[in-house]
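Architecture and fold: a report
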Amino acid sequence: MLPYRTLRLAMCTAAAASAVVLPVLPVLPVLPLLPVASAQAAGDGWSSWYAIGGPLSGGTDAASWRPGHVDVFARGADGRLHHRGWPTSSGGWSAYDDLGPIASDPAAVSMTDGRLDILARGRRGLVGQLTYVRGSGWRSWRALPGGTIVGSPDIASWGNGRLDAVARGRDGTLLHQAYDPSRGWSGWRSIGGTLTSDPSVVSWGPGRLDVFARGAAGNLQHRAYTLSSGWSSWGSEGGYLGSAPDVASWGSGRLDIFAKGRTNTLWQKSWDRAFGWSSWQRIPASINAAPGAVSWGAGRIDVFVSGTNNKLYHKAYDGGGVRSNIVALAQTKVGIGETPAGSNCTPFEPSGTCLPWCTYFATWVWHNASTSLPYYSYSGTVVQWAAGNGRWKPGPYHPAPGDIVVYGTSATSTVHSGIVEHVYSDGTITTIEGNSSDRVSHQSAFDPAHATSAGRPAPVLGYASPLASSASAPTFARYSPPAPTLQQILSQDGGH
């Protein structure tokens, strides 16, 4: 579960608790049960699995109140709620805190910087809430109104002062209640469905909730809420779940769902507003309970699991790091031009080629930021590669830093490309483009929906993403497009 975090001519293509220290494992290399290296290519954004303690007796959850900070919660083998935070003032993970007895897996959220809210079921079936506020510490447990639940609750926040809790009722339906400072908790209300697991809830924007749970057929069920339309109908997203799912969001229009499969395997499925739903992807791991996931910023996911040895393990995806590396590298090349002037000869293309070079530049940056990304001469080839490998985002909308922007009117009529540098809240973008006035140039903010009126060489055809639409899909691509003709390369940048 995750808190809501809202978290811009000759041209080329494209109540305080006492701290009880449990026996804690040191940070270790990859857990032997998890054959990680064989599953993902270098540069795909995933770290290895690391052990960070235990033992546990169930699933985990995590929250983040600001970028770079993670708090993970789990029920220990002693039946009590335990917490670790990262980083401490001296770096690394904190020791475990003992926060009292619980009778379910915990749920955690942060509605604002310096605050954490934890939910868990007590021994009598009532849901308790535990709050931490920086500067005053942990408050006492207090019960939510509305009666009892089965299983474990979950909690989300779409903004400061708002909390939404979900749980499974004794009749298998989805229960929901909301909190705001003026009215407090609303009490449980049934909103239907047939759940065979605990639900998970997340918000990717104000007034928006997405709830996921295992359905009667073992598949992933999804229901959304918006302030304008209320609750949607239940829909199926396939798969066969061996546990309750958990869901994280790294920003507006993005969801990542994690669940245990039939045989203690970890699976992930993503929804991206630009790409739609990914297929289910396996993340090599051997787990015995529902996973927990959180995001503290765009492109970042932290996943926590209980291994089959009941220890707590952590793995992080930093796709935002891949993107930031691309942008940072492109920025260091601004101002580099042709030698001699007007020759098309640059350090970004094979020696002696001296051809229109904006796509050479854009893909040179990609390839040097991550060797799993391609190096091409023609913007149309970038479109073919991206479309063939699930990386193409058509139209002028939904760019992200590090994407390659391609200009043109069709996949066979591309005329220029560049690297997206910034995406601003009003939809405008800045780019870094090669062969712009015969050099690498920074382009001022413009609206990609009206690129030509902003002095760009053609409409924006779309964007190639350096990352697969699913965070767990391999970064390496399977489809290699045919080599372009010389005439196609020369068709870029006005032919020079």
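Shown above is the structure to which this text applies.
Here's a quick rundown of the structure. (Residues numbered from 1 in each chain as written. Predicted model: local features only at pLDDT ≥ 70, side-chain atom pairs only at ≥ 80, totals over all residues. Heavy atoms only, no water.)

**Brief notes about the overall build of the protein**
In terms of regular secondary structure, the protein is built from 4 helices and 34 strands. A compact globule built from 496 residues would reach a C-alpha radius of gyration of about 23 Å, and the protein, at 25 Å, matches this within 12%. Counting only C-alpha atoms and orienting by the principal axes, one finds that the protein spans roughly 80 × 50 × 45 Å. Relative to its 496 residues, the protein shows a buried fraction of 60%. (Helix = DSSP H or I, 4+ residues; strand = E, 2+ residues; numbered from the N terminus. Rg over C-alpha atoms; globule rule 2.2 N^0.38 Å. Buried < 20%, exposed > 50% of the residue type's maximum accessible area, 1.4 Å probe, protein only.)

**So, the pairing of strand β4 (residues 80-86)**
Taking burial as the measure, the 7 residues of β4 include 5 buried ones, the bulk of the element. Judged from the 6 bridges that link them, strand β3 (residues 70-76) and β4 form a sheet pairing that is antiparallel. Note on β4: the bridge partner recorded for Phe73 is His83. Between β3 and the antiparallel strand that follows it, β4, lie 3 residues; Gly79 among them carries a positive phi value of about 75 degrees. (Pairing = 2+ DSSP bridges.)

**Concerning empty space enclosed by the protein**
Considering only enclosed or pocket space, the largest cavity measures out at about 170 Å³ in volume. Residue lining of the largest cavity: 17 residues in total, with Thr60, Pro106, Pro153, Pro245 and Asp246 positioned closest to the centre. Tallied by class, the residues present in the lining of the largest cavity amount to 8 nonpolar, 4 polar and 5 charged. (1 Å grid on protein atoms, 1.4 Å probe; cavity = no way out; pocket = protein on both sides within 12 Å on 5 of 7 lines; lining within 4 Å. Points joined across faces, edges and corners; volume = space filled by probe spheres on them. Nonpolar A, V, L, I, M, F, W, Y, C, P; charged D, E, K, R; others polar.)

**Examining the packing of aromatic side chains**
Scanning all chains against the criterion turns up 17 aromatic pairs. Pairing Tyr225 with Trp231 gives two aromatic rings, centres 5.2 Å apart and planes at 50 degrees, and the pair type is tilted. For Tyr225, a relative accessible area of 18% translates into the label buried. Aromatic pair Phe348 and Phe361: ring centres 5.1 Å apart, planes at 75 degrees, arrangement edge-to-face. Of this pair, Phe348 sits in the loop between α1 (319-332) and α2 (358-369) while Phe361 is found in helix α2, placing the two residues 13 residues apart along the sequence. (Phe/Tyr/Trp six-rings, centres within 6.5 Å; stacked < 30°, edge-to-face > 60°.)

**A short note on the state of the cysteines**
Applying the stated criterion to the full structure yields 1 disulfide. Disulfide pairing is shown between Cys345 and Cys354; the S-S distance is 1.8 Å. Disulfide Cys345-Cys354: the torsion about the S-S bond is 105 degrees, which places it as right-handed. (Disulfide = S-S within 2.5 Å.)

**Some thoughts on the environment of His422**
Relative to the helices and strands, His422 resides in strand β31 (residues 413-423). By relative accessible area, His422 is classed as partly exposed at 34%. Once the C-alpha coordinates of His422 and Ile432 are considered, the two residues, 10 residues apart in sequence, prove to be 9.6 Å apart.

**Observations concerning the sheet that holds strand β30 (residues 404-410)**
Reading across from one edge, β29-β34-β30-β31-β32-β33 is the order of the 6 strands in this open sheet, with antiparallel pairing throughout. At either margin of the open sheet sits one strand with a lone partner, and together these are β29 (392-394) and β33 (439-446). Recorded for the sheet is a direction-independent mean angle of 35 degrees between the axes of neighbouring strands. Two strands pair when backbone bridges link them, and β30 and strand β34 (residues 460-464) are joined in this way by 4 bridges, in the antiparallel orientation. Paired with Tyr407 across the bridge in β34 is Val460. Against the sheet, helix α3 (residues 379-388) touches β29, β30, β31 and β34, its axis set at about 70 degrees to β31. (Axes fitted to C-alpha atoms, helices over the stretch in contact; angles between N-to-C directions. Contact = heavy atoms within 4.5 Å.)

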